[in-house]
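Topology and contacts: notes
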Amino acid sequence: MKLFNTLTRQKDEFVPITPGEVKMYSCGPTVYNFFHVGNARPFIVFDLLRRYFEYRGYKVEFVQNFTDIDDKVIAKANEEGVTYDVIADRYIKEYYVDAEGLGIRRATLHPRATETMDAIIGIIQKLIDKGHAYAAPNGDVYFRTKSDPEYGKLCHQPLEDLQAGARISVGEQKEDPMDFAVWKAAKPGEPSWDAPWGKGRPGWHIECSAMVNKYLGQTIDIHGGGLDLTFPHHENEIAQSECANGCTFANYWVHNGFLTIDNEKMSKSKGNFFMVREAAQAFGYETIRMFMLSAHYRTPLNYSEESLRMNKASLERLYEARNNMEFRISKAPDGGMSPEEAEKLAALGAYKQKFIDAMDDDLNTADALSAVFELTREVNGYMAAHQDATAAFLTAAHALFMELTGVLGIAQRREEAADPDAEKIEALIAQRAAAKKNKDFAEADRIRDELAGMGVTIKDTRQGTQWSRA
Ligand code: AMP
Ligand code: ZN
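Described in the following lines is the structure provided in the data block. Here the structure is a predicted model, which is why all the values come from computation and not from measurement. (Residues numbered from 1 in each chain as written. Chains lettered and ligands numbered in written order. Predicted model: local features only at pLDDT ≥ 70, side-chain atom pairs only at ≥ 80, totals over all residues. Heavy atoms only, no water.)

Observations regarding the overall build of the protein chain
Helix and strand counts for the protein chain come out as 15 helices and 15 strands. Dimensions of the protein chain, computed from C-alpha atoms along their principal axes, come out at roughly 95 × 50 × 35 Å. Burial statistics for the protein chain: of 470 residues in total, 52% are counted as buried. Taken together, the 56 basic and 70 acidic charged side chains of the protein chain have centroids lying 2 Å from each other. (Helix = DSSP H or I, 4+ residues; strand = E, 2+ residues; numbered from the N terminus. Buried < 20%, exposed > 50% of the residue type's maximum accessible area, 1.4 Å probe, protein only. Lys, Arg positive; Asp, Glu negative; His and termini not counted. Charge placed at Lys NZ, Arg CZ, Asp CG, Glu CD.)

Brief notes about the pattern of salt bridges
Under the definition given, this model contains 38 salt bridges. For Asp 460, the salt bridge is made with Arg 432, and the minimal N-O distance between the two is 2.9 Å. Here Asp 460, found in strand S14 (residues 456-461), pairs with Arg 432, found in helix H14 (residues 422-437); they are 28 residues apart in sequence, far enough to count as distant. The closest approach of N and O atoms between Asp 460 and Lys 436, which form a salt bridge, is 3.3 Å. Here Lys 436 lies in helix H14 and Asp 460 lies in strand S14, a separation of 24 residues in the sequence. (Salt bridge = Lys/Arg side-chain N within 4 Å of Asp/Glu carboxyl O.)

Topic: the side chain of His 223
Within the fold, His 223 resides in strand S9 (residues 220-226). Among the polar contacts made by the side chain of His 223, one reaches the side chain of Glu 237 at a distance of 2.6 Å. Apart from residues no more than four positions distant in its own chain, His 223 is found in contact with Tyr 25, Cys 27, His 234, Glu 237, Phe 249, Ala 250, Tyr 252, Trp 253 and Val 254. (Polar contact = N/O pair within 3.5 Å; in protein donor to acceptor, adjacent residues only side chain to side chain. Contact = heavy atoms within 4.5 Å.)

Re the packing of aromatic side chains
Inspection of every chain in the model, using the stated rule, returns 20 aromatic pairs. Ring centres of Phe 14 and Phe 53 lie 4.9 Å apart, and the angle between their planes is 50°; this geometry places the pair in the tilted category. In this pair, Phe 14 is assigned in the loop between strand S2 (10-13) and strand S3 (21-26) and Phe 53 in helix H1 (residues 37-55), connecting sequence segments 39 residues apart. The buried category is assigned to Phe 14, whose relative accessible area is 5%. The interplanar angle of 75° and the centroid separation of 5.5 Å between the aromatic rings of Phe 34 and Tyr 91 together place this pair among those described as edge-to-face. Here the residue Phe 34 occupies a position in the loop between S3 and H1, and Tyr 91 occupies one in helix H3 (residues 84-101), the gap between them amounting to 57 residues. (Phe/Tyr/Trp six-rings, centres within 6.5 Å; stacked < 30°, edge-to-face > 60°.)

Next comes the structure, spelled out in structure tokens:
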């Protein structure tokens, strides 16, 4: 499998540290609000990467953090007159609601910054001991950027350019403008933790270094996040971890491109965002996931109602194909696969190969989705032309469909089965069939209208009547 690695700026063949295992980390949300559709992109992308590795037989350890203490969390807590943990707890719960809706599986571990204080303090102490960090007179602790000769290797910017962009803000006591805080001295009215160099709270970059170290080890396979995190966040994570441990931090750096709106990055600060929660109300959670998969993860992806509607329609086609297969399986003649069917099934294997080739090529979900749609078209065509297709063949075709869509995390729900009116609908369909048998066509039409009034569309097929929600 090839992955585009920001460190080398090329697609590199993925070689794990331990054969058959993947250790990956991705930067999670700051929990002071619901997350927006832009934030959802990395969560979906790294969930997908994890699922794909698992599909290919790897054992994956995946850690994604919650930044539960920072300026924004504190500001929100002050605004509401509650403590920071009330805000964090609330939005962590809400994160899980939206994540589940989007088909994002729970990571192996979701550590919180405030629960990782021991490791954070440990790594800062190590950096101080080695001369890579220093405590300023005001109690802040800064990373001494010039002590790291490799600083800037991820963002590929010459040191002079980085220097030109660096500033010392009011209240900071840095030796050098490029230095950054790993520990912020306690301020009145703010939550703080005890540390050998004085009370305070961790800077943002240090929590990820500490968590990786604590939960995954000194060197991991993959570190991920949105493109905007490359500098300074990830550059600083590398500096901290590599200076503390003296070894490579992450072998592959994977960054997703921006989710844009009117071709501008969606962000809370610009105010041009839609919360996942509101977008899901309009289009459904799964449509949002489908929309994310429709483009390669590194390209910019523009959010528009039109695009969401198109993806909703695509998703519906997948559900329709799945429902057709399941309906035909339930009505199909028993017995072994015919030689023609066996041959057809072998031919369908080409779509699986196409899917794998696409995913192996830096997670090309757009091409992987085309393979799924081609498979769907092929199976639909075959079913229409072979009304006597056996359950054995249909079940195998269905299994392949579920396998590939399962890797992508779409078309897995049982919407029809979950329909609260399913029993009543089935009963009405049976009554209608009986009426037709008795040539009572007026009654049959009346039942069709009653079903239509419930929002149920029916389709008569050679195998019986199939229904769906309009
Ligand atoms: P935050 O909660 O702002 O730290 O962001 C959480 C994750 O969302 C990070 O990996 C960001 O890089 C990512 N992110 C934020 N905005 C966007 C966007 N418009 N497009 C893609 N990723 C984004
Ligand atoms: Zn991070």
